[in-house]
Amino acid sequence: MTAKVNPTPSLSTRAVHADDPLNTPYTTDVSPAIHVSTTYRYPRNPNDLRPVRPEGWPTSDTDVPPHIYSRLTSPTTTRLETLLTQILKNSSLCYSSGLSAFFALITYFRPPVVAIGPGYHGCHSVLEVHKKLYGLKVVDLFNEKEWDAVGLGEGSIIHVETPVNPTGEARDLTYFAKLAKSRNAILSVDATFAPPPLLDPFQFGVDVVMHSGTKYIGGHSDMLCGVLAVRKQEWWEGLNKERVFLGSVMGNLEGWLGVRSLRTLELRVLRQSQSATKLALWLHGVLDGNDEPLPDDGPTTTEDKSHIRKILHKVLHTSTQLIRDPASSSWISQQYPNGYSPVFSILTHTTNQAKHLPSKLNFFHHATSLGGVESLIEWRRMTHLGADERLLRISVGVETWEDLRDDLVQAMRSLSLEGVE
Ligand SMILES: *Cc1c(COP(=O)(O)O)cnc(C)c1O
């Protein structure tokens, strides 16, 4: 759905009201109706019939195009896209999953070269498909010599994930925006780990923002969704046209879940970000410090802390990145003025400890994915070939953070007392 972005109401107000103009006059529902139809009646008046044009179905020529067939548009998904356009501050499109959004992005721009770094492994696999299809070249995000060797330039894509999976550490978008500009390349950002209000990539010279809407936009571990928001209207029109034929639209019911979820986006994300930062910094403090009490210790005893140190080796998050590399604080505070990734990772001393810890926890499901209201922990090696076998990824939910802290403490104490090494 294209629309002018109205930045005046705050994020939460936009998330509750930006789709009000799509309320239909024949219902008085406050919660949007669920529309499941795949096909929509044409106007009864023959003079109102608008046949398909050479350039495709009606898209941007009116604010609310008539719905024809749900592979093109549908009422609930259009509602979700209307909200996302106002929330992400550029014209947005939804896809059946995060990876189908990334597939559509690479298909549309057909870049000769993509530069990408370590991060969410599925995006690398999407690029493998494109390599097979047309000989795309993929180079390392951090190796400009490789870029030069294959001629990364006009029409190529520099794809940055920030904060990055699985650690939740941040990457400097301003730095990559300069590189992209100097080479006339397109800068796309996978901002799944920092949804609004944490990060607005467009402020830092980014061309395309991608989200796995399955995570914070859905927020309840019950829908798959992908999102692209793009800086240029012509890109939106091209992507919208191609999506009709890729067929990778969201389901109607998922679209409705997405609208329901966005109402609470800011509440959830701020809470999850604050809790993750408190947990990560507290755990880091236990590792780092002597046995002096910390302000956030709660019931944790000195003895508990020595058990924690027998299990926990390292904490990885934007907050601990700042401690290790204080020079990054100027760009990190600009990019993340409202808080850091609600996901972080810990390393245990041994693989065995990482495999055992999830089964000791009461308030964390041992499962993949992230972004839901429920806290999750994952021994990352379960789904990621090549992951550090001591790494546990933690997605912090909306539970009270002190309960999560105490749960982690009892789990590590119990592992340590059992002598798991
Ligand atoms: C989950 C995820 C994806 C893929 O999204 P799906 O909705 O699972 O297809 C892409 N990037 C990141 C950073 C993710 O966390």
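Residues numbered from 1 in each chain as written. Predicted model: local features only at pLDDT ≥ 70, side-chain atom pairs only at ≥ 80, totals over all residues. Heavy atoms only, no water.

Side note on the packing of aromatic side chains
Part 1 of the argument: Across all of its chains, the model carries four aromatic pairs by this definition.
Part 2 of the argument: Both rings, one in Phe142 and one in Phe176, keep their centres 6.1 Å apart while their planes meet at 70 degrees; by these two values the pair is edge-to-face. Pair noted here: Phe142 is in the loop between strand 3 (137–140) and helix 5 (144–150) and Phe176 is in helix 6 (residues 173–182), with a separation of 34 residues, a long-range link.
Part 3 of the argument: Assessed through its relative accessible area of 3%, Phe176 is described here as buried.
Part 4 of the argument: Plain terms: the ring middles of Tyr175 and Phe176 are 5.0 Å apart, the flat faces sit at 80 degrees to each other, and that makes the pair edge-to-face. (Phe/Tyr/Trp six-rings, centres within 6.5 Å; stacked < 30°, edge-to-face > 60°. Helix = DSSP H or I, 4+ residues; strand = E, 2+ residues; numbered from the N terminus. Buried < 20%, exposed > 50% of the residue type's maximum accessible area, 1.4 Å probe, protein only.)

Re unusual backbone geometry
Part 1 of the argument: Of note, the amide linkage connecting Asn165 to Pro166 takes the cis form, showing an omega dihedral of 0 degrees.
Part 2 of the argument: Within the secondary structure, Pro166 sits in the loop between strand 4 (157–161) and helix 6.
Part 3 of the argument: Cis geometry is found at the peptide bond from Pro196 to Pro197, where omega equals 10 degrees.
Part 4 of the argument: Here Pro197 is to be found in the loop between strand 5 (186–190) and strand 6 (208–212).
Part 5 of the argument: In this structure, Asn184 is a non-glycine residue whose phi angle is positive, near 55 degrees.
Part 6 of the argument: Along the chain, the position of Asn184 falls in the loop between helix 6 and strand 5.
Part 7 of the argument: Although it is not a glycine, Ser369 adopts a positive phi angle of roughly 80 degrees.
Part 8 of the argument: Relative to the assigned elements, Ser369 resides in the loop between strand 10 (365–366) and strand 11 (376–379).

With respect to the sheet that holds strand 1 (residues 92–95)
Part 1 of the argument: Pairing is mixed in the open sheet, where seven strands are placed in the order 1-7-6-5-4-2-3. Here the strands that pair on one side only, and so sit at the sheet edges, are strand 1 and strand 3. Averaged over all pairs of adjacent strands, the angle between their axes in this sheet comes to 20 degrees, without regard to strand direction.
Part 2 of the argument: Inspection of the sheet shows strand 5 paired to strand 6 by three bridges, in the parallel sense. For Asp190, the partnering residue across the bridge sits in strand 6 and is Met210.
Part 3 of the argument: In the packing of helix 3 (residues 98–109) onto the sheet, the strands contacted are strand 1, strand 2 (113–116), strand 4, strand 5, strand 6 and strand 7 (226–230), and the crossing angle to strand 6 comes to about 155 degrees.
Part 4 of the argument: Docked against the sheet, helix 7 (residues 233–246) engages strand 1, strand 6 and strand 7, running at close to 25 degrees with respect to strand 1. (Pairing = 2+ DSSP bridges. Axes fitted to C-alpha atoms, helices over the stretch in contact; angles between N-to-C directions. Contact = heavy atoms within 4.5 Å.)

Here's the deal with the site of the ligand
Part 1 of the argument: Taken together, 14 residues surround the ligand, and among them Gly98, Asp190, Ser212, Thr214 and Lys215 come closest.
Part 2 of the argument: Here an oxygen atom of the ligand and a backbone polar atom of Leu99 are 2.9 Å apart.
Part 3 of the argument: Here the ligand, which alone exposes 380 Å², has 92% of that area covered by the protein.
Part 4 of the argument: Elements supplying a minimum of two residues to the shell around the ligand: helix 3 and strand 6.
Part 5 of the argument: Of the residues in the shell around the ligand, the class split is six nonpolar, five polar and three charged. (Near = heavy atom within 4 Å. Polar contact = N/O pair within 3.5 Å; in protein donor to acceptor, adjacent residues only side chain to side chain. Areas by Shrake-Rupley, 256 points an atom, 1.4 Å probe, with all protein chains shown as cover. Nonpolar A, V, L, I, M, F, W, Y, C, P; charged D, E, K, R; others polar.)

A word on the pairing of strand 9 (residues 343–348)
Part 1 of the argument: The buried fraction of strand 9 amounts to six of the six residues, a majority that puts the element mostly inside the structure.
Part 2 of the argument: Residue alternation in strand 9 divides its side chains into two sets, Val343, Ser345 and Leu347 and Phe344, Ile346 and Thr348, and both sets are buried.
Part 3 of the argument: Judged from the four bridges that link them, strand 8 (residues 312–316) and strand 9 form a sheet pairing that is antiparallel. From the neighbouring strand, Leu312 faces strand 9, where its bridge partner is Thr348.
Part 4 of the argument: Bridging between strand 9 and strand 12 (residues 391–395) involves five bridges; their strand directions are antiparallel. Bridge pairing in strand 12 places Phe344 opposite Ile394.

Things to note about the UniProt feature "modified residue: N6-(pyridoxal phosphate)lysine" (unreviewed entry) in the protein chain
Part 1 of the argument: UniProt marks Lys215 with the feature "modified residue: N6-(pyridoxal phosphate)lysine" (unreviewed entry), using the numbering shown here.
Part 2 of the argument: The topology assignment puts Lys215 in the loop between strand 6 and strand 7.
Part 3 of the argument: Here Lys215 is in contact with Thr192, Ser369, Leu370 and Gly371, once residues within four sequence places are set aside. (UniProt positions renumbered as here; feature names shortened; annotations may be inferred.)

Notes on the pattern of salt bridges
Part 1 of the argument: Counting across every chain of the model gives 17 salt bridges.
Part 2 of the argument: Among the ionic pairs, Glu144 bridges to Arg183, the shortest N-O distance being 3.3 Å. Taken together, the residues Glu144 in helix 5 and Arg183 in the loop between helix 6 and strand 5 connect sequence positions 39 residues apart.
Part 3 of the argument: Overall, the relative accessible area of 30% leaves Glu144 in the partly exposed class.
Part 4 of the argument: Judged by its relative accessible area of 16%, Arg183 falls in the buried class.
Part 5 of the argument: With a shortest N-O distance of 2.5 Å, Lys360 and Glu418 are connected by a salt bridge. A residue pair is termed long-range when its members are at least 10 positions apart, and Lys360 in the loop between helix 13 (351–356) and strand 10 and Glu418 in the segment after helix 14 (401–417) qualify at 58 residues. (Salt bridge = Lys/Arg side-chain N within 4 Å of Asp/Glu carboxyl O.)

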